[in-house]
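Descriptive analysis of the structure
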There are 2 protein chains.
Amino acid sequence: MARRPKVVIVGCGFGGLFAARALRHAPVDVLLIDRSNYHLFQPLLYQVASAALAPADIAQPIRFILRGQRNALVMMAEVTRVDAAGRCVYAGENAVAYDYLILAPGAVDNYFGHPEWHKYAPGMKAVEDATLIRSRMLASFEIAEFETDPQQQAAHLAFIIIGGGPTGVELAGAIKEVAVDVIPRDFRVADTRKARVILIEAGPRLLPALRPESSERALKQLHDLHVEVLVGKPVTAVFEDGVEAGGERLYSYNVIWAAGVKASPILATLGTELGPGGRVKVLPDCSVPGQPNVFVIGDAAFLIDWKTNQQVPGVSQGALQMGRYVARVIQQDISSDDPAQRGKLRAEGFHYKDLGAMATIGKSRAVVEIGRLRFGGFLAWCAWLALHITVLIGFRNRASVLLSWIYSYFFYGRGSRLITNFSSEQMAELSSDTMKGAGAGTPPADQAKE
Amino acid sequence: MARRPKVVIVGCGFGGLFAARALRHAPVDVLLIDRSNYHLFQPLLYQVASAALAPADIAQPIRFILRGQRNALVMMAEVTRVDAAGRCVYAGENAVAYDYLILAPGAVDNYFGHPEWHKYAPGMKAVEDATLIRSRMLASFEIAEFETDPQQQAAHLAFIIIGGGPTGVELAGAIKEVAVDVIPRDFRVADTRKARVILIEAGPRLLPALRPESSERALKQLHDLHVEVLVGKPVTAVFEDGVEAGGERLYSYNVIWAAGVKASPILATLGTELGPGGRVKVLPDCSVPGQPNVFVIGDAAFLIDWKTNQQVPGVSQGALQMGRYVARVIQQDISSDDPAQRGKLRAEGFHYKDLGAMATIGKSRAVVEIGRLRFGGFLAWCAWLALHITVLIGFRNRASVLLSWIYSYFFYGRGSRLITNFSSEQMAELSSDTMKGAGAGTPPADQAKE
């Protein structure tokens, strides 16, 4: 073979990145395409939304991560469709050919038939989502400081998070801590410690992917932080100033969507059967039926584990393990060393090794499940930190990033509380809200709270 | 007097912030209004544009800075006009009354009659400007990696900075260092070390506010970094793909405007005479003629120093000193202790104490003028650092911020190289550009440069 096979990877989340890294010694040319120029450490995105970390703290340029990998090219582009027959992927009119294709495009927010809710309840998938949520949260505190109508002030000091999975649980704890521990002294009139944080879950318990006892632990720890939790209350309507959940009307100018995801729309262009949430029903080797050189991994794939008979969960570990697996499958396919080995991994199929699940609640609480071990509290939180360290060390040069996070997270306090990229309409509205309150009779600064 | 006088400060740059701080023990109520929720350390904004620092590194929430100052309220709003007769400022329809008004709104970019140039040559005033310049710069490197037309590739690897003042000089040095020292190993095909950085100054020399020998030093140090400098070449046209300067057509997809500023448009609503660049011609006590309770400070004010007979320069030190001065004037006005002292400072007038001027060129060079001392090189750069430390220590709690900067600046390397907030049109264009190049024949990764 004169030409080395070309492996195109679409998406640089955990799945795509670990697939690329696992191919670093393979006799292939890797082209990694992503719509961002950075890999996002998504498990900590909620800390950007809650203004504890800056985007650069949890995002690393993909080129920088792969700078030492000579067989990898990195391209910033948005793939809009796949042409399986022509063996190429497209961005608009321009095609890039592949010999092997690994699709790891991730997921997008799922509003379950109500796309109009997005406007009032942004989701938490990208850096821009998180900075938008951060800006809205901080702007709401700004307005509350001058709002003279008590009901309006309360609505600006209320935060509703829809969805009781790990993202929702972590965000609720983080926002409550900001309001109670970080910013109260910054405000003269509004008492941010009275801010309500309401976490709404449609199902019967929080963290449905974990065991019931972990749900109980999470609930208790959220109560300790004075987060209000509503379970078994499906949200039936979302408005600019709140939601309707389980028949009850709740008022808040800060509604955040963490209730579910669906797979990326580019999967529909593959021309294969889609499973629940638009995920591709892949074969046990993660390939697309009838297209053995096309793989779908991460939360874009729907796969029942042959060993456990359970669906591979759409979490970082699932994506990461699938990425490594398909990289090895490709290496076996093209290996000329030992023909007997060829296809062995494919025949075996992917098996998800469950390393446990966890969720942090604020800065010193968590729930953890590792095998048969299930615990909560400070010890669980230490375990959460240890896992993140372990994953991070996997990247070369990332120890320094981790140190920076720890530094920012514990010793810094100031965080990254910037309101940025407001449109002129948003700015005008905020100006109008704050000045209206001030004009109506600003309290003398020294007569304010306390 | 039952009611304490209300001092409204518009704008929280160095002028507004130091005025507020200087009033901390005064028997007044301070209301500080700014369109952002943070104070921006503008002298380092060019480092955000060159992806060395993250926005949060150089921006601090105003509330956080003033959290200990009990007589100060902070409001986020955009003041659109002043009603001098009614003694109030407006955002839209809503008014806030004042007894004393300190206007410190800063300046905006001046395109000297060519507002249409803004689209292709963004300026450097706000955080959003800097992150836009950063995103465009990084996206240009992305496109260059896959661009097969050598002329187009060269245009993506060229950076034109218009304006040879401190901002232009500092930005030129910083971008050149990114291209040469920071990112070359991240790219396989494009040789970023060949990136051209062209600094264009219409006048006869760089850094016109400094002495000719400093201009010479800056020029030499920029040459050492291989920055191309054109002096005496006014830019006569700006296009999407470059500029025309001194009759010559130069090609670049990264044109940055650092050529000049004009005062904020809200000053025109004061109904008083405006001087050069829309600045308010203030009296020697920084007040507006006929309105002794309204002050204009910083680069919004035009004032000839009574002692030196020179215009007070529109630099941070000028704003900061004016802010402190007007705070003392107000304190004398309202002081009942010693009527003989009242008006003394007003009669004296503001005098600008020149603490020197400086500009950094890259990470280890600078030019400095302090009194009769003028020097360049590494020693000057140390002086630059020392001054920034001095200014920073003035803020309480800011030592930690400085440590973080030093850390990020020297030991980190990774910087903040994120392409964010691209519109869907920008994203589609970039995707199209990179994939077109790749489709036309991606070079095998291992055959690339070197």
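Residues numbered from 1 in each chain as written. Chains lettered and ligands numbered in written order. Predicted model: local features only at pLDDT ≥ 70, side-chain atom pairs only at ≥ 80, totals over all residues. Heavy atoms only, no water.

Observations concerning the overall build of chain A
Across its full length, chain A carries 13 helices and 25 strands. When the backbone C-alpha atoms are referred to their principal axes, chain A occupies close to 80 × 50 × 45 Å. Within chain A, the proportion of its 450 residues that are buried is 58%. A separation of at least 24 residues holds for 65% of the contacts in chain A among residues at least 6 apart in sequence. Summed over all atoms, the accessible surface of chain A reaches about 18000 Å², with 54% contributed by carbon and sulfur. (Helix = DSSP H or I, 4+ residues; strand = E, 2+ residues; numbered from the N terminus. Buried < 20%, exposed > 50% of the residue type's maximum accessible area, 1.4 Å probe, protein only. Contact = heavy atoms within 4.5 Å. Areas by Shrake-Rupley, 256 points an atom, 1.4 Å probe, with all protein chains shown as cover.)

Notes on the sheet that holds strand E12 (residues 196–201) of chain B
Residues and elements named next belong to chain B. Read across the open sheet, the four strands follow the order E13-E12-E11-E17; overall the sheet is parallel. What marks the edges here is a single partner per strand, and that holds for strand E13 (228–231) and strand E17 (254–257). Neighbouring strand axes in the sheet, compared pairwise and without regard to direction, differ in orientation by 15 degrees on average. Here helix H5 (residues 127–146) sits on the sheet in contact with strand E11 (158–162) and E17, set at roughly 160 degrees to E17. (Pairing = 2+ DSSP bridges. Axes fitted to C-alpha atoms, helices over the stretch in contact; angles between N-to-C directions.)

Description of the relation of the copies chain A and chain B
When chain A is fitted onto chain B, the two copies agree to an RMSD of 0.0 Å after a turn of 180 degrees and an axial shift of 0.0 Å. Read as a symmetry element, the transformation amounts to a two-fold axis. Comparing contact sets, 99% of the residues at the interface of chain A also lie at the interface in chain B, consistent with an isologous, same-surface contact. (Least-squares fit on C-alpha atoms with pLDDT ≥ 70 in both.)

Describing the sheet that holds strand E7 (residues 88–91) of chain B
Residue and element names in this part refer to chain B. Pairing within the open sheet is antiparallel, and its three strands lie in the order E6-E7-E8. Strand pairing shows two members of the sheet lacking a second neighbour, strand E6 (81–83) and strand E8 (94–97), which therefore form its edges. Neighbour to neighbour, the strand axes of the sheet diverge by 30 degrees on average, direction disregarded. Looking at chain direction, E6 and E7 are connected through three bridges and run antiparallel.

Section: the interface of chain A and chain B
Tallying the contact residues gives 77 residues for chain A and 76 residues for chain B. Note on chain A versus chain B: buried area summed over both sides is about 6600 Å², and carbon and sulfur give 56% of it. Between the two partners, chain A and chain B, sit six salt bridges. A salt bridge links Arg-67 of chain A to Asp-186 of chain B; its shortest N-O distance comes to 3.0 Å. Put simply, chain A and chain B have 28 residue pairs in polar contact (both at pLDDT 80 or more) between them. Taken together, the residues of the side of chain A that touches chain B sort by class into 40 nonpolar, 16 polar and 21 charged. (Buried area = accessible area lost by both parts, 1.4 Å probe. Salt bridge = Lys/Arg side-chain N within 4 Å of Asp/Glu carboxyl O. Polar contact = N/O pair within 3.5 Å; in protein donor to acceptor, adjacent residues only side chain to side chain. Nonpolar A, V, L, I, M, F, W, Y, C, P; charged D, E, K, R; others polar.)

Comments concerning the packing of helix H5 (residues 127–146) of chain A against helix H13 (residues 424–439) of chain A
Residues and elements named next belong to chain A. Where H5 meets H13, the closest approach of the two axes is 7 Å, and the angle between their N-to-C directions is 20 degrees. Taken together, H5 and H13 sit at an angle that is classed as roughly parallel. For H5 against H13, the interelement crossing comes out left-handed. Contacts from Leu-132, Ala-139, Glu-142, Ile-143 and Phe-146 in H5 reach Gln-426, Leu-430, Asp-433, Thr-434, Gly-437 and Ala-438 in H13. Residues belonging to the contact of H5 with H13 are distributed by class as follows: six nonpolar, three polar and two charged. (Parallel < 35°, antiparallel > 145°, perpendicular 65-115°, else oblique. Left-handed = near helix turned anticlockwise from the far one by under 90°.)

Overview of the confidence of the model for chain A
All names here are of chain A. The predicted model of chain A averages 89 in pLDDT, with 91% of residues at 70 or higher. Under a pLDDT of 50 for its full length, residues 442–447 has, in the predicted model, 15 contacts with residues more than four places off or in other chains. Note on the complex model: pTM 0.92, ipTM 0.89. (pLDDT = per-residue confidence, 0-100.)

A look at the pattern of salt bridges
A side chain of one charge can pair with a side chain of the opposite charge when the charged atoms of the two come close. Here the structure, examined in full by the defined rule, presents 30 salt bridges over all chains. Two residues, Arg-196 of chain A and Glu-228 of chain A, come together in a salt bridge whose shortest N-O distance is 2.7 Å. Of the two residues, Arg-196 of chain A sits in strand E12 (residues 196–201) while Glu-228 of chain A sits in strand E13 (residues 228–231), which places them 32 residues apart along the sequence. The structure contains a network of salt bridges with shared partners spanning Arg-63 of chain A together with Glu-142 and Glu-145 of chain B.

Looking at the side chain of Glu-170 of chain A
Tracing the sequence through the fold places Glu-170 of chain A in helix H7 (residues 166–182). Within the buried core, Glu-170 of chain A has no salt-bridge partner, and the shortest N-O distance to an opposite charge, that of Lys-125 of chain A, equals 12 Å. (Lys, Arg positive; Asp, Glu negative; His and termini not counted.)

Thoughts on the packing of aromatic side chains
All names here are of chain A. Summed over the entire model, instances satisfying the criterion amount to 16 aromatic pairs over all chains. Taking the centre distance of 5.5 Å and the plane angle of 45 degrees together, the rings of Phe-141 and Phe-159 count as tilted. Of the two residues, Phe-141 sits in helix H5 while Phe-159 sits in strand E11 (residues 158–162), which places them 18 residues apart along the sequence. In this pair, the class of Phe-141 matches that of Phe-159, namely buried. The structure contains a cluster of three or more aromatic residues connected by ring pairs, namely Tyr-111, Trp-117 and Trp-257. (Phe/Tyr/Trp six-rings, centres within 6.5 Å; stacked < 30°, edge-to-face > 60°.)

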